Amino acid sequence: MTTQKPMQPPELQPIGFWTARAGEAIRTRIRAALREIGVSQPEWWLLHQISLHPVGAEREATIEKIGHNDTPEAIVDAIDSATAKGWIVESDSRVKFTPTGAEKFRQAADIQQMLQDERMHGIRRDDYVTTIEVLQRTIQNVGGDAWHW
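Residues numbered from 1 in each chain as written. Predicted model: local features only at pLDDT ≥ 70, side-chain atom pairs only at ≥ 80, totals over all residues. Heavy atoms only, no water.

A. Focus on the overall build of the protein chain. Helices and strands together make up the secondary structure of the protein chain, namely 6 helices and 3 strands. When the elements of the protein chain are put in sequence order from the N terminus, they spell out α-α-β-α-α-β-β-α-α. Considered along the principal axes of its C-alpha atoms, the protein chain spans approximately 55 × 35 × 25 Å. For the protein chain, with 149 residues in total, the buried portion stands at 27%. In the protein chain, the share of contacts with a sequence separation of at least 24, taken over all contacts with a separation of at least 6, comes to 62%. By element, 54% of the accessible surface of the protein chain is carried by carbon and sulfur atoms, the whole surface being about 10100 Å². Looking at charge distribution, the protein chain has the averaged site of its 17 positive side-chain charges lying 4 Å from that of its 21 negative ones. (Helix = DSSP H or I, 4+ residues; strand = E, 2+ residues; numbered from the N terminus. Buried < 20%, exposed > 50% of the residue type's maximum accessible area, 1.4 Å probe, protein only. Contact = heavy atoms within 4.5 Å. Areas by Shrake-Rupley, 256 points an atom, 1.4 Å probe, with all protein chains shown as cover. Lys, Arg positive; Asp, Glu negative; His and termini not counted. Charge placed at Lys NZ, Arg CZ, Asp CG, Glu CD.)

The following block contains the structure:
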């Protein structure tokens, strides 16, 4: 992290500022890395969900489950895009990989693992867990409602 002048101690800094900046930095990095292999972030979410369902992911349930990551419309667009790219086919309200899609998923999954390793550099697992728990509690404390599968 580049700083141009001294900052206040962490306990005096606003959590909203840092969570927003972290989210922006993480999304920017993920999207740039995925873009290098021709995958959008919503397409990645879709491919990942399909990978969890060997017989195919139910279309509407998938849209409902991952739509909150962006918007349900973004997931519908990802389904349309992945279909047009030949990565998935739809049958009986289920979306399934084509061989090309399965390979694209493996490429994107490798990138996601590399990015997770990068993000975790110098961060202990226990510290990560504490950070997630603090953010979840902060959301609850201000009356928010967040869920991640």
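Once the structure has been displayed, the description carries forward.
B. Representation of the sheet that holds strand β1 (residues 57–58) within the structure. Taken in spatial order, the 3 strands make up an open sheet running β1-β3-β2, and their pairing is antiparallel. Single-partner strands in this sheet number two, and they are β1 and β2 (88–91). The sheet contact formed by β1 and strand β3 (residues 94–97) spans 2 bridges and is antiparallel. What sits directly across from Ala57, in β3, is Val95. (Pairing = 2+ DSSP bridges.)

C. Local environment of the pairing of β2. Here 4 bridges tie β2 to β3, and the two strands are oriented antiparallel to one another. Counted as the bridge partner of Val89 is Lys96 from β3. The hairpin formed by β2 and β3 contains 2 residues between the paired strands, and Asp92 there has a positive phi angle of roughly 50°.

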